[in-house]
Amino acid sequence: MNFRSDNVGTASPEILRAVEAANRDPAASYGDDDYSAAVNDAFSALFEAPVTVFPVATGTAANALSLACCARPWGAIYCHQEAHVHTSEGGATEFYSGGAKLVALPGENYKLPAATLRDALAAAERGIRNRSQPDAVTITQASEYGTVYRREEIAAIGALAREAGIRFHMDGARFANALATLGCSPAEMTWRAGVDILSFGVTKNGGMNADAIVVFDADLVEPLSYRLRRAGQTWSKMRFASAQLLAYVQDDLYLRLARHSNAIAARIGQELAALPGVELAAPVDGNMLFLRLPDPAIQAIAAAGARFGRRRGGVIRLVTRFDMDEAEAATLVDIVRRALP
Ligand SMILES: *Cc1c(COP(=O)(O)O)cnc(C)c1O
């Protein structure tokens, strides 16, 4: 049983087959191939708008290089204090932006409330040389706590960003899980709510080694293409990344995979929360669970060899995946049930 993260998972067979199918003939390099052209068409259809897609190797590259295009070296980028860009990327955004400042803000369930952003923007002293200048806001959908921003919450942030003249980035490492939960269109969860640029996660939901940046604001395309090259993110055999992206969205594969992991997470959440002494620390909106468990239950799961994350205060983190089966979830619930008095 491995609930450590979704990146311990396999790559989906559909994606591996697509890579193999792209391995027949020579193809143009650096994204000038047919697969890469098809990605822009497929994603423009998916997002119902002309978008430009840049495949990248990691979510960190997607986040940092996207934000580097949105913020000047003296700029401020507003984020939640638990945002992956702030806590888990080794300062990549600060590095690639040439020193922009991440302004970490609080918010319940790891979501940045629009009101908090409004106050932060109001407090920013524009035109004062000693202060970082507001340039961008970034939110994580689904959040690092597994929670999902509702459309109106995203739109409220988008409206503030537009009003303030700053750019709006979304870290969609778990984009598919969030979209499956909201049941809206990709457009409604992004540019229609004001998002300018998106880190589109693939790896955690069945990709092999490819995530992507989806650019809605055409002004960002040119600077981003130069920044990606300088950062070593312009693969010469780009077709193998592009083939993965095509397979990922074809016939809604990405949503099918995400729905499967979300359903397993929901099942574990419901069954465990019904047990005495077990509490959900956060709502289960996607494929991550944060649970407060009595110590003997945590010890029993560990003793059974299950992998999971530990947080302070007896809280554990469980992440479900597209390639996990129901039996694994049932076993986990059973172990906890038997460990409780
Ligand atoms: C996993 C993850 C990323 C990307 O991480 P990489 O290790 O660079 O692929 C970005 N944001 C969030 C919220 C994540 O969970």
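This structure is a prediction, so every number in the text was calculated from the model and none was measured.

Enquirer: Would you take a moment to explain helix α2 (residues 34–47) for this structure?
Expert: One full turn of an α-helix is made of 3.6 residues, so residues set three or four places apart face in the same direction. In this model α2 runs 20 Å from its N-terminal to its C-terminal C-alpha over 14 residues, within 8% of the 20 Å that 1.5 Å per residue would give. Those residues of α2 that fall on the buried side of the exposure criterion are S36, V39, F43, S44, L46 and F47. When α2 is viewed along its axis, its buried side chains cluster within an angular range of 160° and face the same direction. In α2, the exposed positions angled more than 90 degrees off the buried face are occupied by D34, D41 and A45. Where α2 begins, one side-chain oxygen reaches toward the backbone nitrogen of Y35, 3.0 Å away; that side chain belongs to D33.

Enquirer: What exactly am I supposed to notice about the site of the ligand here?
Expert: Lining the immediate surroundings of the ligand are T58, G59, T60, N63, H84, E89, T140, E144, D171, A173, R174 and K204. T60 places a polar side-chain atom, nitrogen or oxygen, 2.5 Å from an oxygen atom of the ligand. Within the side chain of H84, an N or O atom sits 3.4 Å from a nitrogen atom of the ligand. In the complex, 81% of the free accessible area of the ligand, which totals 390 Å², lies under the protein chains. Here the ligand is seated within the largest pocket. In terms of residues, the shell around the ligand owes the most to one element, helix α3 (residues 59–70), which gives 3 residues.

Enquirer: Is there a simple way to think about the sheet that holds strand β4 (residues 133–140) in this case?
Expert: The strands making up a sheet associate through backbone hydrogen bonding, with each pair oriented either parallel or antiparallel. The sheet built from 7 strands is open, its strands ordered β1-β7-β6-β5-β4-β2-β3 with mixed pairing. Both outer strands of the open sheet, β1 (52–56) and β3 (101–105), are each paired with one neighbouring strand and no more. Neighbour to neighbour, the strand axes of the sheet diverge by 20° on average, direction disregarded. When β4 meets strand β5 (residues 167–172), the two strands line up parallel, connected through 5 bridges. Of the residues in β5, the one forming a bridge with V137 is F168. Most of the contacts of helix α10 (residues 221–230) go to β1, to which it runs at about 15°, and overall it touches β1, β6 (197–200) and β7 (211–215).

Enquirer: When you look at the packing of α3 against α10 in this model, what are you seeing that I'm missing?
Expert: Between two packed helices, both the angle of their axes relative to each other and the distance between the axes serve to describe the pair. Running from N to C, α3 and α10 cross one another at 135°; their axes reach a closest spacing of 10 Å. Here α3 is positioned oblique relative to α10, judged by the angle of their axes. Note on packing geometry: the crossing formed by α3 with α10 is right-handed. Of α10, the residues touching α3 (which contributes L65, S66, A68 and C69) are P223, L224, R227 and L228. Taken together, the residues of the contact of α3 with α10 sort by class into 6 nonpolar, 1 polar and 1 charged.

Enquirer: Sorry, what's going on with the domain arrangement of the protein here?
Expert: Put simply, an interface is often sized by how much accessible area is lost when its parts join up. Looking at the assigned domains, one finds that the protein contains domain 1 (13–252) and domain 2 (254–339). Per-residue buried area on domain 1 facing domain 2 is highest for Y145, N177 and D252; these three make up 29% of the total on that side. Where domain 1 touches domain 2, the interface holds 1 salt bridge. Put simply, D285 and R150 hold a salt bridge, and the shortest N to O gap is 2.8 Å. If you look at where domain 1 meets domain 2, you find 12 residue pairs in polar contact (both at pLDDT 80 or more). Per-element accounting of the side of domain 1 that touches domain 2 gives the leading share, 5 residues, to helix α8 (residues 175–182). Looking at the side of domain 1 that touches domain 2 residue by residue, the class counts come to 9 nonpolar, 9 polar and 6 charged.

Enquirer: Sorry if this is basic, but what is going on with the UniProt feature "domain: Aromatic amino acid beta-eliminating lyase/threonine aldolase" (unreviewed entry) in the protein here?
Expert: As recorded in UniProt, the feature "domain: Aromatic amino acid beta-eliminating lyase/threonine aldolase" (unreviewed entry) lies at residues 2–291. Taken end to end, residues 2–291 has its terminal C-alpha atoms 16 Å apart, with 42% of it in helix and 16% in strand.

Enquirer: Looking at this structure, how should I read the layout of surface pockets?
Expert: One water molecule sets the probe size; rolling that probe over the atoms shows where empty space is left. Each pocket or cavity is described by its volume, and for the largest pocket that value is around 730 Å³. In terms of lining, the largest pocket is formed by 37 residues, of which the most central are H84, S88, E144, R174 and R317. Tallying contributions element by element places α3 first for the lining of the largest pocket, with 4 residues. Summarising the domain contributions, the lining of the largest pocket has at least three residues from each of domain 1 (13–252) and domain 2 (254–339). By volume, the second largest pocket amounts to about 270 Å³. Lining the second largest pocket are 16 residues, and of these Y30, G31, V53, F54 and M238 lie nearest its centre. Elements with a minimum of two residues in the lining of the second largest pocket: α2, β1 and α10. Per-element tally for the lining of the second largest pocket: the top contributor is β1, with 4 residues.

Enquirer: Please clarify how the side chain of S5 should be interpreted in this entry.
Expert: Within the element layout of this structure, S5 appears in the segment before α1 (13–21). For S5, a relative accessible area of 10% puts it in the buried group. A polar side-chain atom of S5 sits 3.1 Å from a polar atom in the side chain of N7. Look past the residues within four positions of S5 in its chain and what remains in contact with it is R174, K204, R317, V319 and R321.

The rules we used
- Per chain, residues are indexed from 1 in the order of the written sequence.
- Side-chain atom pairs in this predicted model are given and counted only at pLDDT of 80 or more, local residue features only at pLDDT of at least 70, and totals for whole chains, interfaces and linings cover all residues.
- Excluding hydrogens and water, the side-chain figures rest on all heavy atoms present in the structure.
- Starting at the N terminus, helices and strands are each numbered in turn, a helix being any DSSP run of H or I of at least four residues and a strand any DSSP run of E of at least two.
- The span you would expect from a helix comes to 1.5 Å times its residue count less one.
- Only protein chains enter the area calculation, which uses a 1.4 Å probe; residues under 20% of their type maximum are buried, those over 50% are exposed, and those in between are partly exposed.
- Within this analysis, the arc is defined by the directions that extend from the helix axis to the C-beta atoms.
- Side-chain atoms alone can form a polar contact between residues adjacent in sequence; in general such a contact is a pair of N or O atoms within 3.5 Å, and within protein one must be able to donate a hydrogen while the other accepts it.
- Residues are labelled near a given molecule or strand when at least one of their non-hydrogen atoms is within 4 Å of it.
- Working definition of accessibility: Shrake-Rupley area with a 1.4 Å probe, residue cover restricted to the visible protein chains.
- A cavity here means a set of points on a 1 Å grid, drawn over the protein atoms and nothing else, where a 1.4 Å probe fits but cannot get out; a pocket is an open set with protein on both sides within 12 Å along at least five of seven lines, and a residue lines either one if it has an atom within 4 Å of a point.
- In this scheme, a molecule is assigned to a cavity or pocket if more than half of its atoms are within 2 Å of the grid points.
- At least two DSSP bridges between two strands are required for those strands to pair.
- Axis angles are defined between N-to-C directions and span 0 to 180 degrees, where every axis is a line fitted to C-alpha atoms and, for a helix, only to the segment in contact.
- Contacts between residues were defined by any pair of non-hydrogen atoms, one from each residue, lying within 4.5 Å.
- Convention used here: angles under 35 degrees read as roughly parallel, angles over 145 as roughly antiparallel, angles from 65 to 115 as roughly perpendicular, and any remaining angle as oblique.
- Left-handed describes a crossing whose near helix is turned anticlockwise from the far helix through less than a right angle; right-handed describes the clockwise counterpart.
- Under the scheme applied, nonpolar residues are Ala, Val, Leu, Ile, Met, Phe, Trp, Tyr, Cys and Pro; charged residues are Asp, Glu, Lys and Arg; polar residues are all the others, including Gly.
- For the purposes of this description, domain bounds are those given by an automatic or database domain assignment.
- Buried area is a sum: the accessible area each of two parts loses on coming together, probed at 1.4 Å, counted once for each and added.
- We define a salt bridge as a side-chain nitrogen of Lys or Arg found within 4 Å of a carboxyl oxygen belonging to Asp or Glu.
- UniProt positions are given in the numbering used here, feature names are shortened, and annotations may be inferred rather than shown by experiment.
- Grid points are joined across faces, edges and corners, and a volume is the space filled by probe spheres set on the points.

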